[in-house]
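Analysis of the macromolecular model
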Amino acid sequence: YPTLSRTVVSDAVLADSTIRALSSMGWTRIAIIYVNDAWGRGFARDATSAASDVGMDVVVAADYDLGDLSGMDRAVRRLADAGSRITLVVAYDEVGTIAALADQYGMMKSGYAWVVPEENVTPELVTQSADPESMPR
């Protein structure tokens, strides 16, 4: 297919678009959990900047090292301790583990929303997440 091409937006554009979508839902406070690597740190930084631009408060940005289960647990506990209800997840295939940890802290029930890149959505996250329309604003 010589005339077929594909474009991919930068992470900065994706972070900005994600934050603007959350803001359009009336959400004013979010948390970010992210993998501590170049991609995760950059996405979290761009999302935090975009949140500031739209007047949204990032209540906590918690990182963890890839493959470090105790680090993931500490990061999720920081989200719970901060009272975060809307969380942007910047992660690879460990999203299911993060969801299981969040469930242990009571964060996978009505009143919570998890925003995850499409390719990383797991069945556990879909079945445990609440309807975003019922989220507190």
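All figures in this text were calculated on a predicted structure; none of them were measured in a lab.

With the rule as written, the count across this model stands at 5 salt bridges. We note a salt bridge from Asp 57 to Arg 29, for which the minimum N-O separation is 4.0 Å. Taken together, the residues span a long stretch of sequence, with Asp 57 in strand β2 (residues 57-64) and Arg 29 in strand β1 (residues 29-35) at a distance of 28 residues. Of the residues examined, Arg 29 reaches a relative accessible area of 43% and is grouped as partly exposed. Close ionic contact of Arg 77 with Asp 73 constitutes a salt bridge, the shortest N to O distance being 3.0 Å. Residue Arg 77 and its partner Asp 73 are both found in helix α3 (residues 69-81); the two are separated by 4 residues, about one turn of the helix. Residue classification places Arg 77 among the partly exposed positions, given a relative accessible area of 32%. The buried category is assigned to Asp 73, whose relative accessible area is 19%.

Two aromatic rings, taken as a pair, are described by how far apart their centres are and by the angle between their planes. Taken as a whole and assessed by the stated rule, the structure comprises 2 aromatic pairs. Ring geometry for Trp 39 and Tyr 92: centres 4.8 Å apart, planes at 35 degrees, overall tilted. Of this pair, Trp 39 sits in helix α2 (residues 38-53) while Tyr 92 sits in the loop between β3 (86-90) and α4 (95-104); the two residues are 53 residues apart in sequence, bridging distant segments of the chain. With a relative accessible area of 22%, Trp 39 lands in the partly exposed category. Assessed through its relative accessible area of 30%, Tyr 92 is described here as partly exposed. One aromatic cluster is present, formed by Trp 39, Phe 43 and Tyr 92 through successive ring pairs. Cation over ring: Arg 85 sits above Tyr 112, and NZ or CZ is 4.2 Å from the ring centre.

This part covers the nonpolar core. Counting 22 residues, the largest nonpolar core has Ile 33, Tyr 64, Leu 79, Val 89, Ile 98 and Trp 114 as its most contacted members. Not counting residues up to four positions away in its chain, the partners in contact with Leu 79 are Ala 31, Ile 32, Ile 33, Val 60, Ala 62, Ser 84, Thr 87, Met 107 and Trp 114. Ala 15, Ala 50, Ile 86 and Ala 113 belong to the second-largest nonpolar core, a separate cluster that totals 18 residues.

The next thing to look at is α3. Compared with the 18 Å implied by 1.5 Å per residue over 13 residues, the 18 Å span of α3 between its first and last C-alpha is a close match. Buried residues in α3 make contact with β1, β2, β3, α4 and β4 (113-115). One or two positions beyond α3, positive phi appears at Gly 83, with a value near 75 degrees.

Read from one edge to the other, the open sheet built from 4 strands follows the order β2-β1-β3-β4, with strand pairing classed as parallel. On the outer flanks of this sheet lie β2 and β4, each paired with one strand and no other. Ignoring which end each strand starts from, the neighbouring axes of this sheet average 20 degrees apart. Across the face of the sheet, α3 comes into contact with β1, β2, β3 and β4 while running at roughly 170 degrees to β2.

Criteria and cut-off values
- Residues numbered from 1 in each chain as written.
- Predicted model: local features only at pLDDT ≥ 70, side-chain atom pairs only at ≥ 80, totals over all residues.
- Heavy atoms only, no water.
- Salt bridge = Lys/Arg side-chain N within 4 Å of Asp/Glu carboxyl O.
- Helix = DSSP H or I, 4+ residues; strand = E, 2+ residues; numbered from the N terminus.
- Buried < 20%, exposed > 50% of the residue type's maximum accessible area, 1.4 Å probe, protein only.
- Phe/Tyr/Trp six-rings, centres within 6.5 Å; stacked < 30°, edge-to-face > 60°.
- Lys NZ or Arg CZ within 6 Å of the ring centre and 35° of its normal.
- Core = buried A, V, L, I, M, F, W, Y, C linked by side-chain atoms within 4.5 Å.
- Contact = heavy atoms within 4.5 Å.
- Expected span 1.5 Å × (residues − 1).
- Pairing = 2+ DSSP bridges.
- Axes fitted to C-alpha atoms, helices over the stretch in contact; angles between N-to-C directions.

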